[in-house]
Amino acid sequence: MKIAVLLLTSFLSAHAFAGLSGQVRIDGSSTVYPISEAVAEEFQKANAGVKVTVAQSGTGGGFKKFVAAEIDISNASRTIKKEEAEAAQKAKVLWTEVPIAYDGITLVINPKNTWVKTLTMEQLKTIWEPGSKVKTWKDVDPSWPDSKIKLYGPGADSGTFDYFTEHVNGKAKAIRPDFTASEDDNVLVKGVAGDKDALGFFGISYYEANAKKIRSVAIAGTDGKFVSPTVETVKDGTYPISRPLFIYVSHASLARVEVANFVSYYLSNANKLVSETGYVPMTDAQYKAGMAKIAAIKK
Amino acid sequence: MINLNLNSNATTKSEHPLLDQKGNLGKRKLKSYIFAFMCFLATVSVIGLIAYLILDTYLQGSAWINADFFTNFASRMPNKSGIKAALFGTIWLLGITALFSIPVGVISGIYLEELMKRGYFHRFISVNVSNLAGVPSVVYGIFGLAFFVRMLGFERSLLSGALTLSLMSLPVIIISTREAIAAVPSSIKMGALAMGATKWQTARDHIFPTALPGILTGVILALSRAVGETAPLIILGAVSFLAFVPQGWNDGYTALPMQIYTWVSKPQEEFHQLAAATIIVLLGVLLVANSIAIFIRIRSRKVKL
């Protein structure tokens, strides 16, 4: 009996003194989700008393919950929109934006496609812009075959779609309507892998996981040099279609120790965990800058 | 009948009117065979399709099902991944949903069918209950988010999820309860009332036990649907990743369908196989729940007879 009581009290006290308790609630972009999930997994192992939850309701959906103070950290694959920032101000939710990784948007083709090696930003625009006249590969380059080009891309709710249309076509959400759209990137991978005349685009992590089934295309940036999407080219900014990914941290939540610890854990382990999930980490200096930003708020 | 006899007598072509159509018999038998064959074909193709889907899922996922799969939490590394959190989440959801929806649904059904005065209000409620049974689950999710999560302040908890799933299950339970009660022979009811039993005694001792198998079928259908739902849970804020077991009704949660959804949308092939393994487990959970209900059903019949 004595032993049982002893065991019980030691168990309880071990639980109580194991460190932190409370909860860290994360929601938002499905692109950023794998990174936050990896951090949450490791943080949870080190801090058994804290309840970390990560959901994925999209960047827009995440910001709605963020403004309603239902979550502590919002994952975002784009910067906060003006309306969202105004809503946050109205609800008196103060926040800090912390960039945590890069994502290279990869243009992919079928491995049986022998003609396309490179594409310029202009060619991409003529293919994807609204009212595009391009119907066959020949319409893009006269030396290419006269077969119908089949286009695959993410649906209009995705941050990848927003970024691609704005960056390539010049206007957010402006795109030709006749392409196969899916919110599920695996559907796009399958489409391109099974269609010789396909051209598609999505985040680099989906390309890397399926590199045997599909091939990436090198893209020419402003200096005219063709650059393939790799960790290095995305990181040093030479690959022309890459974007930063963010977490938004609520100041009210940051006042809680468990959230503050989680964010600093995030930034100090991001380098390793971002690479593991197939994304491109930022430089150490950038992560340090993020830490400094957070530290400034805590004071 | 009499007319037919008179006719056959008048024409005196044969002894019996049916014999006249003998020349037709082969053709009619053929028609009957074709119809039977079509029914067979329809059944086989449906069962075949389901068998194919289950087999395909099994082949993809079976290798991942082992003890670790049940005791590990989800992880970014496929070989360390498990469904502990999702399994506990689903059991919690199923439990709380059953706790709310079965009593409320069955009692409402009994009230609507047996006790409530027929009139405009009764018709109004009946029509609305039937309509609610056809409302898409996403709509329940949106309602749950506005009402349970925000207005009542239950937050993104198990309780919000389970209450929303309860609302979704109620119409099916109410309707099947009503139908099961309506199917009880009126002689039983009349007999009880004639012996001087009150309305309540009649309902409790005679109508309810007779209707129980039908009611349970409705409950099984409703809860099976609730357990397989993803759409309302996503809206209600069930999470994709957590690595702790819910301690109470106010904790965050994930569920088996959420876990499947999360893994299917990952880029790595191994996670798709894990999703297949989770589908097998979900089917298993449904099968266990259904067999418990069937067991109760058989027992309740035995007690009665």
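Residues numbered from 1 in each chain as written. Chains lettered and ligands numbered in written order. Predicted model: local features only at pLDDT ≥ 70, side-chain atom pairs only at ≥ 80, totals over all residues. Heavy atoms only, no water.

J.: What am I meant to see in the pattern of salt bridges here?
T.: Two side chains with opposite charge may pair up if their charged atoms get near one another. With the rule as written, the count across this model stands at 24 salt bridges over all chains. Among the salt bridges present, the one from B:Arg76 reaches A:Glu42, with a minimum N-O distance of 2.9 Å. Here B:Arg76 is found in the loop between helix 3 (67-71) and helix 4 (84-115), whereas its partner A:Glu42 is found in helix 2 (residues 33-46) on a different chain. Residue A:Glu42 is classed as buried on the basis of its relative accessible area, which comes to 18%. Across the salt bridge formed by B:Asp251 and A:Lys51, the nearest N and O atoms sit 2.8 Å from each other. A residue pair is termed interchain when its members come from two chains, as with B:Asp251 in the loop between strand 1 (241-242) and helix 11 (256-264) and A:Lys51 in strand 2 (residues 51-54). Three or more residues joined by partner-sharing salt bridges are found here, namely A:Glu41, A:Glu42, A:Lys45, A:Lys272, A:Glu276 and B:Arg76. (Salt bridge = Lys/Arg side-chain N within 4 Å of Asp/Glu carboxyl O. Helix = DSSP H or I, 4+ residues; strand = E, 2+ residues; numbered from the N terminus. Buried < 20%, exposed > 50% of the residue type's maximum accessible area, 1.4 Å probe, protein only.)

J.: Looking at this structure, how should I read the packing of aromatic side chains?
T.: Each aromatic ring pair is characterised by the separation of its centres together with the angle its planes make. Counting across every chain of the model gives 21 aromatic pairs over all chains. Each ring, one from A:Phe43 and one from A:Phe262, has its centre 5.0 Å from the other, and the planes form 85°; the classification is edge-to-face. Of this pair, A:Phe43 sits in helix 2 while A:Phe262 sits in helix 11 (residues 257-276), placing them 219 residues apart in sequence. This pair shows no difference in class: A:Phe43 is buried, exactly as A:Phe262 is. Each ring, one from B:Phe143 and one from B:Phe147, has its centre 5.4 Å from the other, and the planes form 20°; the classification is stacked. Taken together, the residues span about one helical turn, with B:Phe143 and B:Phe147 both in helix 6 (residues 137-151) at a distance of four residues. Through pairs of rings, three or more aromatic residues link up here, namely A:Phe63, A:Phe66, A:Trp95, A:Phe246 and A:Tyr248. Across the ring face of B:Phe271, the terminal group of B:Lys266 is positioned such that the distance to the ring centre comes to 4.6 Å. (Phe/Tyr/Trp six-rings, centres within 6.5 Å; stacked < 30°, edge-to-face > 60°. Lys NZ or Arg CZ within 6 Å of the ring centre and 35° of its normal.)

J.: Looking at this model, I keep getting lost on the domain arrangement of chain A. Mind explaining?
T.: Interfaces are frequently sized by the accessible area removed from exposure as the parts join. Residue and element names in this part refer to chain A. As assigned here, chain A comprises domain 1 (2-101 + 245-297) and domain 2 (103-242). Each partner contributes to the interface: domain 1 provides 12 residues, whereas domain 2 provides 10 residues. Both faces combined, the contact of domain 1 with domain 2 buries some 820 Å², and carbon together with sulfur accounts for 60% of it. Ranking the residues of domain 1 by area buried against domain 2 places Gly-278, Tyr-279 and Val-280 at the top, with a combined share of 52%. Between the two partners, domain 1 and domain 2, sit zero salt bridges. (Domains from an automatic or database assignment. Contact = heavy atoms within 4.5 Å. Buried area = accessible area lost by both parts, 1.4 Å probe.)

J.: Is there a simple way to explain the interface of chain B and chain A in this structure?
T.: Counting residues at the interface gives 28 residues for chain B, matched by 27 residues for chain A. Counting each side, the surface lost to burial between chain B and chain A is near 2,300 Å², with a carbon and sulfur contribution of 48%. On the chain B side of the interface with chain A, the three residues burying the most area are B:Arg76, B:Arg156 and B:Phe241, jointly 34% of the side's total. Linking chain B with chain A are seven salt bridges, by the criterion used here. Across the salt bridge formed by A:Asp27 and B:Arg156, the nearest N and O atoms sit 3.2 Å from each other. Taken together, the connections running from chain B to chain A amount to 16 residue pairs in polar contact (both at pLDDT 80 or more). For the side of chain B that touches chain A, the secondary-structure elements that each account for two or more residues are helix 6, helix 10 (231-236), strand 1, helix 11 and helix 12 (269-304) of chain B. Per-class residue counts for the side of chain B that touches chain A are 13 nonpolar, eight polar and seven charged. In the sheet, strand 2 of chain A pairs with strand 1 of chain B via two bridges, with the strands oriented antiparallel. (Polar contact = N/O pair within 3.5 Å; in protein donor to acceptor, adjacent residues only side chain to side chain. Nonpolar A, V, L, I, M, F, W, Y, C, P; charged D, E, K, R; others polar. Pairing = 2+ DSSP bridges.)

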